[in-house]
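Architecture and fold: a report
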Amino acid sequence: VNPLAVANPSWIGVGSNTQSSYGWWSVVDLTGNKLSDTEIHNTQEYFAYTKVRGSRRISDGRIMAVVACISTATCVSSEIAVMGSGGKAGVFAEFNSDIRPDDLLGLPDGRFLVSSRESKEIILFLADGTPVDIFAQNLAGPAGLELDGTGTVVLVALADGGRIERFDLAGNDLGRFD
């Protein structure tokens, strides 16, 4: 189980993975009462093995989650979904099978980043979901994304390297922590 909680003004959403073929989106109110439990499926591959890998509240208040197809034999696409208190409210961006997203991070200006261990890169998206550029590439399994305390440095946890890479908001490499 890899729970990731995101707060809304009136509820908290938690994406999790179980032993089943689907990810789950569970919602509780601010006092801890469960409001809903919803299976989350990839739109293109309803019966494929999918997981909710990351969820974030982005700058405009929307809550996004990575819904990744992780079956190498059957994957056609993965997606970033807009999440609501009742589960998936829509698809924001889709990815082909070469890019299996792991995490997403909203930037202060409304753009956002999506990491992919599979393609070893981080992709930059406009606020409307349009991919615009490769933010960083040839990374050893970029998994987790986070902004530092100043909001000006992107920290990238590398799953295959056991270290943290640092980038400015323009994608310039600032070095790493081993």
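Residues numbered from 1 in each chain as written. Predicted model: local features only at pLDDT ≥ 70, side-chain atom pairs only at ≥ 80, totals over all residues. Heavy atoms only, no water.

The next point concerns the sheet that holds strand β13 (residues 142–147). Two strands in a sheet stick together by hydrogen bonds in their backbones, pointing the same way (parallel) or opposite ways (antiparallel). Taken together, the four strands give an open sheet; going across it, the order is β13-β14-β15-β16, and neighbouring strands pair in antiparallel fashion. The sheet is open, and its two borders are formed by β13 and β16 (173–177), each paired with just one other strand. Strand-to-strand twist across the sheet, computed as the mean angle between neighbouring axes with direction ignored, equals 25°. (Pairing = 2+ DSSP bridges. Helix = DSSP H or I, 4+ residues; strand = E, 2+ residues; numbered from the N terminus. Axes fitted to C-alpha atoms, helices over the stretch in contact; angles between N-to-C directions.)

Here we come to the nonpolar core. The biggest cluster of nonpolar side chains holds 14 residues, and the ones touching the most others in it are L107, L113, I122, F135, V154, V156 and F167. Setting aside chain neighbours within four positions, we find V154 in contact with L105, L107, L113, F135, E146, L147, E165, R166, F167 and L169. The next biggest cluster of nonpolar side chains, apart from the first, holds twelve residues, and it includes V82, F112, I123 and F125. (Core = buried A, V, L, I, M, F, W, Y, C linked by side-chain atoms within 4.5 Å. Buried < 20%, exposed > 50% of the residue type's maximum accessible area, 1.4 Å probe, protein only. Contact = heavy atoms within 4.5 Å.)

For S115, the position within the fold is in strand β10 (residues 112–116). A polar side-chain atom of S115 sits 2.7 Å from the main-chain carbonyl oxygen of A143. S115 has contacts with R100, P101, D102, D103, E121, I122, P142, A143 and L145, leaving out every residue within four places of it along the chain. (Polar contact = N/O pair within 3.5 Å; in protein donor to acceptor, adjacent residues only side chain to side chain.)

Further remarks concern the pattern of salt bridges. Per the stated rule, a full pass over the model turns up two salt bridges. A salt bridge links R111 to D109; the nearest nitrogen and oxygen atoms lie 2.7 Å apart. Of the charged contacts in the structure, one is a salt bridge between E165 and R163, with a shortest N-O distance of 3.6 Å. (Salt bridge = Lys/Arg side-chain N within 4 Å of Asp/Glu carboxyl O.)

Here we come to the sheet that holds strand β9 (residues 103–106). Spatial ordering of the open sheet is given by β9-β10-β11-β12, a layout of four strands whose pairing is antiparallel. Among the strands making up the open sheet, the edge pair consists of β9 and β12 (131–136). Here the average twist between neighbouring strands, direction ignored, is 25°. Two elements, β9 and β10, share four bridges in a ladder whose sense is antiparallel. Paired with D103 across the two strands is S115, which belongs to β10.

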